[in-house]
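Single-letter residue listing:
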Amino acid sequence: MTPLHEVIINKKTTINPIWIMRQAGRYLPEFREIRKKNPNFIELCLNEKLSSEITLQPIKRFNLDAAIIFSDILMLPYGLNQKVEFKKNFGPILEPLQLDRVLKTNEENFVNKINPIYKAINHVSKNRLVEDKNTIGFVGAPWTLLVYMINLHSPKKGLKEDFFKDNYLIKNILQIIDKFLKIHLKNQIQNGANVIQIFDSWAGLLEEKDYQNYIYDPSISLVNYVKSFNVPVICFPREIKNYQKFCEIVKPDAVNIDYNVDPLTISKTIKIPVQGGLDPKILLTDKEILEKETIKYLDIFKDHPYIFNLGHGILPETKPEMLEHLVKVVKNY
Ligand code: 1CP
């Protein structure tokens, strides 16, 4: 059985598999080398040969237990014919949403437009480097995708004041997102993804009164859908105020925690397997601090099914040797 399945399905506590959010990316010189020659990020995600190669880069370098496919949550709006661009040092920029264009997209158009992603998952999952490991497919959660599709860029400075003004549009878009996320999930699973992670990166922007409509209900729909394929699903409702309540209501197979929550409280209150938590900034310090902080998480979760990961994506400034050291500490624990 693969390492993540041992923990998530068999609830094994004697192993601590490790993979890292954004493990394929900018902190790796071999990634930057490819990126330099491929200024268009979307095109790079749709180049099955290069995206497979990038996915495997961290697997070749470190003793990680899972490959996560090099793609982006914003391939969904792209597949729905909302233009997406990635500007250097700024992040994603989306063109204003045109509901009629999105409504015209059918399953066939969508799958054809982003098909190289599925081919890459297929290549990666069959590669001998990944043989005994997991291949992770992923999507953005409906709320987080809605945020980008309406806000049109990163909501780091908060949402636009009139974000919720067009109720008709929001309702329609959420339905479309649900439909196409299921198509996207199905194709990833049918091509070899054997774990799914759902990123709700902007869950923390909502007030608790809005969780039911924008986080719980849309997540339940996707979690149940993934479960129908017998594939385990990990949810990451980043900076949600109450992870325990989220787990009880949404019932994912495992939950990824962010670095602002107290891991000890989590270990005592959450019954399902847990993933992640370590602050990615710890990887910018030194090996001694890294070791201490890593062992803190491993000690807290020593009797809990636990997958080692960070509390958010690895930072571009991280030195690869720090990740190498982290993997060593986890493996030697
Ligand atoms: O080279 C570059 O400039 C591109 C940087 C980059 C990379 C490497 C982006 C732009 N996306 C990715 C890949 C990516 N994105 C992966 C690959 C697999 C891996 O983990 O190794 C994954 C899983 C994502 C998921 C993703 N994209 C999320 C969810 C996770 C998270 O970080 O919260 C989000 C919010 C995005 C949007 C996005 N894409 C890229 C950026 C810089 C952002 C965030 C911008 C913002 O703050 O709004």
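Residues numbered from 1 in each chain as written. Predicted model: local features only at pLDDT ≥ 70, side-chain atom pairs only at ≥ 80, totals over all residues. Heavy atoms only, no water.

**Let's talk about the pattern of salt bridges**
Put simply, the rule reads: By definition here, a salt bridge exists when the distance from a side-chain nitrogen of Lys or Arg to a carboxyl oxygen of Asp or Glu is within 4 Å. Only DSSP runs of H or I covering at least 4 residues are called helices, and only runs of E covering at least 2 are called strands; the numbering of each starts at the N terminus. Summary of the burial criterion: residues with accessible area below 20% of their type's maximum are buried, those above 50% are exposed, and those between are partly exposed, where the area comes from a 1.4 Å probe applied to protein chains only.
For the coordinates displayed, the defined rule picks out 13 salt bridges. Across the pair D279 and K281 runs a salt bridge, and its minimum N-O distance is 3.5 Å. The closest approach of N and O atoms between K296 and E293, which form a salt bridge, is 3.5 Å. Of the two residues, K296 and E293 are both situated in helix α13 (residues 287-300); the distance of 3 residues between them amounts to about one turn of the helix. Classification of K296 by relative accessible area gives partly exposed; the value is 38%. Overall, the relative accessible area of 17% leaves E293 in the buried class.

**Focus on the packing of aromatic side chains**
Put simply, the rule is: Two rings from Phe, Tyr or Trp (for Trp, the six-membered ring) form a pair when their centres are within 6.5 Å of each other. A pair whose planes differ by under 30 degrees is stacked, one over 60 is edge-to-face, and the rest are tilted.
One pass over the structure, following the stated rule, counts 15 aromatic pairs. Considering the side-chain rings of F31 and F70, the 5.5 Å spacing of their centres and the 55° angle between planes classify their relative orientation as tilted. Of this pair, F31 sits in helix α2 (residues 29-37) while F70 sits in the loop between β1 (66-68) and α5 (75-79), and the two are 39 residues apart along the sequence. Given the relative accessible area of 2%, F31 is considered buried. Given the relative accessible area of 6%, F70 is considered buried. Consider the rings of F164 and Y214, whose centres lie 5.3 Å apart with planes at 50°: the pair is tilted. Here F164, found in the loop between α8 (142-151) and α9 (167-190), pairs with Y214, found in helix α10 (residues 211-227); they are 50 residues apart in sequence, far enough to count as distant. Overall, the relative accessible area of 33% leaves F164 in the partly exposed class. Using a relative accessible area of 11% as the deciding quantity, one classes Y214 as buried.

**Points about the sheet that holds strand β8 (residues 274-275)**
Note the following rule: Strands qualify as paired when DSSP identifies two bridges or more between them.
Sheet architecture is open: 7 strands sit in the order β1-β4-β5-β6-β7-β8-β9, paired in parallel fashion. The open sheet has two edge strands with one neighbour each: β1 and β9 (306-307). Relative to strand β7 (residues 254-256), strand β6 (residues 233-236) runs parallel, the two sharing 2 bridges. Bridging across to β7, C235 finds its partner in V255.

**So, α13**
Formally: What a helix is expected to span follows from its residue count: subtract one and scale by 1.5 Å. The directions from the helix axis to the C-beta atoms form the arc being described. Contacts are assigned to residue pairs that have any heavy atoms within 4.5 Å of one another. Contacts described as polar in this section are N or O atom pairs within 3.5 Å, which, within protein, must combine one atom able to donate a hydrogen with one able to accept it, while residues neighboring in sequence count only if both atoms come from side chains.
Helix length check: α13 (14 residues) gives 20 Å between terminal C-alpha atoms against 20 Å at 1.5 Å per residue, within 8%. Listed as buried for α13 are L290, E293, T294, Y297 and L298. Down the axis of α13, the buried side of the element spans an arc of 140°, and every buried residue falls inside it. In α13, the exposed positions that point more than 90 degrees away from the buried face belong to E288 and K292. Its buried side turned inward, α13 meets α12 (263-269), β9 and α14 (320-332). Two or three places before E288, at the opening of α13, D286 has a side-chain oxygen 3.1 Å from that residue's backbone nitrogen.

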